Amino acid sequence: MIDMKQFHDAAFIDDAEIRSTLEEAKNLAKDKNAVRKILDKAREYHGLTHREAAVLLELDDPDLEKELYRLAKEVKEKIYGRRVVLFAPLYVSNHCVNGCTYCGFHADNKSMCRKKLSMEEIDQEADAILALGHKRIAMESGEDPVNSPLEYIIDSMRRIYAYKNAKGDSIRRINVNIAATTVEEYAKLKAEGIGTYILFQETFHRPTYEKMHPTGPKSNYEWHTTALHRAQQGGIDDVGTGVLYGLYDHKYEMTAQLMMAEHMEAMFGVGPHTISVPRLREAEGVDLKKFPHLMTDTQFLRLIAVIRVSTPYTGMILSTRETAETRAKALELGISQVSAGSCTGIGGYHKEIGQPDRADTAQFKISDDRSPDEVLTWLCEDGYIPSYCTACYRQGRTGDRFMSLAKSGQIRNICQPNALLTFQEYLRDYASDHLKELGEKVIAKEIEEIPSDKVKELTIERLEKIKDGASDLYL
């Protein structure tokens, strides 16, 4: 039986345990036999404990490091194949009452142009995002109970789900990244068809958390850290978490992140659906020189590999905060979802021709500004299958139901065909001529690799229907 008191108690993030783990990891990492035992365990695809994962962050043996990276790629492809899910963030409001020192939206930033999208502007943004080929969005908003209360978020979700463009396309899944709230409000989001509820912890280190969040509702560490537990209690069984790497020591943060995943698995029978790995980036009014814990690319890629082998059935998300070069390397080490053609400003997707540049409303500056067509071309050239699939969410394959399919290996029989079907839709409606030619070759190759003859037959049949004009077909 779940103890409801735990929904407001973040004691599961135990500073003493984290410190002990990190000290022990330094010693164990010097023992090659101990390290190989950990790698062998990870190769069984059941994951690692936070103590085992911490050891892999301390590796200094080049051969063991190479073995870790090979294993991360092996684990990813065993579970996810070569599929990469595409999405776009949609910022609906940058009004915020919090004083987060690392965020361009913070309440004291007087140079930030504040804006909230009207319902008509949401239509325009939905239309522009659909024109990029996206079917899945991550809705984002600053925390402001007056300017962007939950009712506004729900109205925005309803508006987006209802919108259809000239081709008859619509957004099929809305993931939501908004401030920590109550069980009752999470239940309302569930009733409106939320996909995944996402909330970044930012930092698990309490003193740093207090320093980075001096004012506003977000300054309450306990309330924020237990938000995903309340979301689960409210019926949202797909939740996503993440750390903003650069606020504090990344080894501490990753250990705590895995402790949270372990705690959620123990309480609800399923850990987080996704783990995001954003790094601190330049933003309006934010001086990066004041943050001494920024990660190098080498540290960052090691971190991704360790999280992948430690949480094999959890999706890993990488945004356009990272450069194209870093994103290419990260895909090989475990990332399974990426954004493309992203805009972090309010109303930035819909740009009227001839209008002057709008005042800056962006939360942070992106590092990969390639169009979705360019991103998909890159994915295909590197041997990946772009996917816009939203079938599991709409078929009720979420939470522990998704995890049971993933752990049994059955999910690949669903996800690979669905990826091909959604990619075929993109090629038909939005791709450049070059990508169409390239994409058709990718699809033809992947069809031959579907192990089930029945699934292969169904996939071929539905691909032909899509070419003839059908849409939104899935297994």
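Shown above is the structure to which this text applies.
Residues numbered from 1 in each chain as written. Predicted model: local features only at pLDDT ≥ 70, side-chain atom pairs only at ≥ 80, totals over all residues. Heavy atoms only, no water.

## Topic: helix α11 (residues 250-268)
Put simply, the rule reads: Put simply, DSSP marks the helices as runs of H or I at least four residues long and the strands as runs of E at least two long, and each gets a number from the N terminus on. For a helix, the expected span equals 1.5 Å multiplied by the number of residues minus one. Exposure categories follow from relative accessible area, calculated using a 1.4 Å probe and restricted to protein chains: below 20% of the type maximum is buried, above 50% is exposed, and the middle band is partly exposed.
The terminal C-alpha atoms of α11, which comprises 19 residues, lie 27 Å apart, in line with the 27 Å expected from a rise of 1.5 Å per residue. For α11, a buried count of 15 out of 19 residues is recorded, marking the element as mostly surrounded by other parts of the structure. Phi turns positive, to about 80 degrees, at glycine 269, one or two residues after α11.

## What to know about helix α1 (residues 15-28)
Defined as follows: In this description, one arc is meant: the one made by directions from the helix axis to the C-beta atoms. Whether two residues touch is decided by their heavy atoms; if any such pair falls within 4.5 Å, the residues are in contact. Definition of a polar contact: a pair of N or O atoms within 3.5 Å, with one able to donate and the other able to accept a hydrogen when the atoms are protein atoms, and with sequence-neighbouring residues admitted only if both atoms are side-chain atoms.
Helix length check: α1 (14 residues) gives 20 Å between terminal C-alpha atoms against 20 Å at 1.5 Å per residue, within 8%. Those residues of α1 not exposed but buried are Ile18, Thr21, Leu22 and Ala25. The buried side chains of α1 occupy one side of the element, clustering within an arc of 95 degrees when seen end-on. Exposed and oriented more than 90 degrees from the buried face of α1 are Ala16 and Asn27. Each element contacted by the buried residues of α1 is listed here: α3 (50-57) and α11. Two or three places before alanine 16, at the opening of α1, aspartate 14 has a side-chain oxygen 3.0 Å from that residue's backbone nitrogen.

## Section: the pattern of salt bridges
Worth spelling out the cut-off: Salt bridges, as used here, are contacts in which a Lys or Arg side-chain nitrogen is within 4 Å of a carboxyl oxygen on Asp or Glu.
One pass over the structure, following the stated rule, counts 37 salt bridges. Residues lysine 441 and glutamate 437 are paired through a salt bridge, measuring 4.0 Å at the closest nitrogen-oxygen approach. Of the two residues, lysine 441 and glutamate 437 both sit in helix α18 (residues 433-448), four residues apart, roughly one turn of that helix. Each member of the pair, lysine 441 together with glutamate 437, is exposed. With a closest N to O distance of 4.0 Å, lysine 467 and glutamate 440 form a salt bridge. Taken together, the residues lysine 467 in helix α19 (residues 453-467) and glutamate 440 in helix α18 connect sequence positions 27 residues apart. Among the charged side chains, a salt-bridge network with shared partners connects Arg36, Asp40, Arg43 and Glu67.

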